[in-house]
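Coordinate analysis (summary)
What follows is each chain in one-letter form.
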Amino acid sequence: MDVITLCGAAIIATFVGALTGIFGVGGGFLITPALIIILGIDPTLAVGTGLTFMLFPSSISMFRRRGSKTIDLKLSLYICVGTLAGVAFGKHIMTLLETLPPFRFGVRELPAVEYSLLWAFLGLLIFIAWFLIYDYRRTGGQSSGHRVGWLSRVHLPPMINFPSLDEPRLSLPVLTFIGFFIGILTGLMGIGGGVVWLPVLVYLVGQHTAKAAGTSLVLVWISSA
């Protein structure tokens with residue numbers, strides 16, 4: 001590995017590590033495409049490298065948050081039932097993409113897995129941006145003290161109580177399904193899911209932002225591991 005690649009990797013790692021500490025996101029949504037586009041690393045290797053990298057900043061951030069009561073461990077463990085299954089399924093999809101023939105653009109060939117991953121990242125970021133803009137316009141940027149997540153309206157048994165939430169009863173099957181879906185993103189795209197988990201925990205589950213950031217760190221750590 002040459003010096004330019006090492007310096008580029010160090011800059012990317014510093015930037016992504018800062019995001020992890022501040023927002024509770026693992027940074028896989030940035031580091032994996034950055035490794036592919038900027039450093040030219042093989043997509044499959046970039047996915048694994050991104051997941052491995054995220055273990056370190058998420059571990060440090062969780063350690064720094066110890067005793068701060070900003071992590072809901074019970075909620076994290078219930079969600080991870082679906083997340084781990086989703087990771088395995090996402091990895092299976094990645095394996096299938098590796099067997100597809102490359103896409104040809106004029107005289108250039110692009111591996112199917114690289115083409116698919118870059119489009120998936122673009123779609124994910126566009127969706128998150130749209131959702132945040134939609135919510136801001138809907139609420140006018142104001143946040144009430146009592147937060148109610150959208151999932152509290154779904155009463156599919158069994159229901160589980162989470163005392164840290166303002167509306168504590170949530171459906172276990174729904175939480176498992178959401179965990180499974182985001183787990184697929186982890187196994188396929190090499191993201192720990194923090195960029196997705198933060199809005200999910202705030203808007204769907206109903207956690208307050210500080211606790212959502214801490215809880216998403218646990219989910220990122222488990223899925224990355």
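Here the structure is shown first, and the text comes after it.
Attention here is on the structure that accompanies the text. (Residues numbered from 1 in each chain as written. Predicted model: local features only at pLDDT ≥ 70, side-chain atom pairs only at ≥ 80, totals over all residues. Heavy atoms only, no water.)

Let us now look at the overall build of the chain. The helix and strand inventory of the chain stands at eight helices and four strands. The order of α-helices and β-strands along the chain, N terminus first, is α-α-α-α-β-β-α-β-β-α-α-α. Here the analysis covers contacts within the chain between residues at least 6 apart in sequence; of these, 66% occur between residues at least 24 apart. Carbon and sulfur atoms make up 71% of the accessible area of the chain, which amounts to about 11,700 Å² in all. (Helix = DSSP H or I, 4+ residues; strand = E, 2+ residues; numbered from the N terminus. Contact = heavy atoms within 4.5 Å. Areas by Shrake-Rupley, 256 points an atom, 1.4 Å probe, with all protein chains shown as cover.)

Helix length check: helix α6 (residues 172-189), at 18 residues, gives a terminal C-alpha distance of 26 Å against a target of 26 Å (1.5 Å per residue), a fit within 8%. Of all 18 residues that make up α6, 13 are buried, and the element is covered over most of its length. (Expected span 1.5 Å × (residues − 1). Buried < 20%, exposed > 50% of the residue type's maximum accessible area, 1.4 Å probe, protein only.)

As a further point, take a nonpolar patch on the surface. Residues Trp119, Leu122 and Ile126 make up a contiguous nonpolar surface patch of roughly 330 Å² in combined accessible area. Relative to the helices and strands, Ile126 resides in helix α5 (residues 112-139). (Patch = residues over 30% accessible without salt bridge, like charges linked within 9 Å, V, L, I, M, F, W, Y side chains within 5 Å. Salt bridge = Lys/Arg side-chain N within 4 Å of Asp/Glu carboxyl O.)

Turning next to unusual backbone geometry. Across the junction of Pro157 and Pro158, the peptide omega takes the value 0°, indicating a cis bond. With respect to the helices and strands, the residue Pro158 is situated in the loop between α5 and β3 (159-161).

Our focus in this paragraph is the packing of helix α3 (residues 43-64) against helix α8 (residues 209-224). It is the contact of α3 with α8, at a shortest axis distance of 9 Å, that shows an interaxial angle of 145°. At the point where α3 passes α8, the crossing takes the left-handed sense. Only Leu217, Val218, Val220, Trp221 and Ser224 of α8 make contact with α3, whose side of the interface consists of Leu51, Met54, Leu55, Ser58, Ser59, Ser61 and Met62. Here the contact of α3 with α8 is composed, by residue class, of eight nonpolar, four polar and no charged. (Axes fitted to C-alpha atoms, helices over the stretch in contact; angles between N-to-C directions. Left-handed = near helix turned anticlockwise from the far one by under 90°. Nonpolar A, V, L, I, M, F, W, Y, C, P; charged D, E, K, R; others polar.)

Here we take up the layout of surface pockets. Size it by volume and the second largest pocket reaches roughly 270 Å³. Elements with a minimum of two residues in the lining of the second largest pocket: α5, α6 and α7 (194-205). Looking at side-chain class alone, the lining of the second largest pocket contains 13 nonpolar, no polar and no charged residues. (1 Å grid on protein atoms, 1.4 Å probe; cavity = no way out; pocket = protein on both sides within 12 Å on 5 of 7 lines; lining within 4 Å. Points joined across faces, edges and corners; volume = space filled by probe spheres on them.)

Along the chain, the position of Thr215 falls in helix α8. Classification of Thr215 as buried rests on a relative accessible area of 0%. Distance in space between the C-alpha atoms of Thr215 and Leu198 is 8.5 Å, their sequence separation being 17 residues. When neighbours within four sequence positions are excluded, Thr215 is seen to be in contact with Thr70, Ile71, Asp72, Leu75, Ser76, Leu201 and Gln207.

Bringing α3 into the picture now. Look at α3: 32 Å from first C-alpha to last across 22 residues, which is about the 32 Å you get at 1.5 Å a residue. Within α3, burial applies to Pro43, Ala46, Val47, Gly50, Leu51, Phe53, Met54, Pro57, Ser58, Ser61 and Met62.

What follows is about the environment of Ser216. Mapped onto the secondary structure, Ser216 falls in helix α8. With 154 residues separating them along the chain, Ser216 and Met62 place their C-alpha atoms 10.0 Å apart. In this structure the side chain of Ser216 is engaged in a polar contact, spanning 2.8 Å, whose partner is the backbone oxygen of Ala213. (Polar contact = N/O pair within 3.5 Å; in protein donor to acceptor, adjacent residues only side chain to side chain.)

Summarising the element assignment, Ser152 is placed in the loop between α5 and β3. For Ser152, a relative accessible area of 11% puts it in the buried group. At a separation of 2.6 Å, a polar atom in the side chain of Ser152 contacts the main-chain carbonyl oxygen of Gly149.

Here we take up the packing of aromatic side chains. Scanning all chains against the criterion turns up two aromatic pairs. Seen in terms of ring centroids, Tyr78 and Phe162 are 5.8 Å apart; in terms of plane orientation they differ by 85°. Their pairing is edge-to-face. Here Tyr78, found in helix α4 (residues 73-98), pairs with Phe162, found in the loop between β3 and β4 (169-171); they are 84 residues apart in sequence, far enough to count as distant. Here Tyr78 falls in the partly exposed class, since its relative accessible area comes to 29%. In this arrangement the basic side chain of Lys74 is found over the ring face of Phe162, its NZ or CZ atom lying 5.4 Å from the centre. (Phe/Tyr/Trp six-rings, centres within 6.5 Å; stacked < 30°, edge-to-face > 60°. Lys NZ or Arg CZ within 6 Å of the ring centre and 35° of its normal.)

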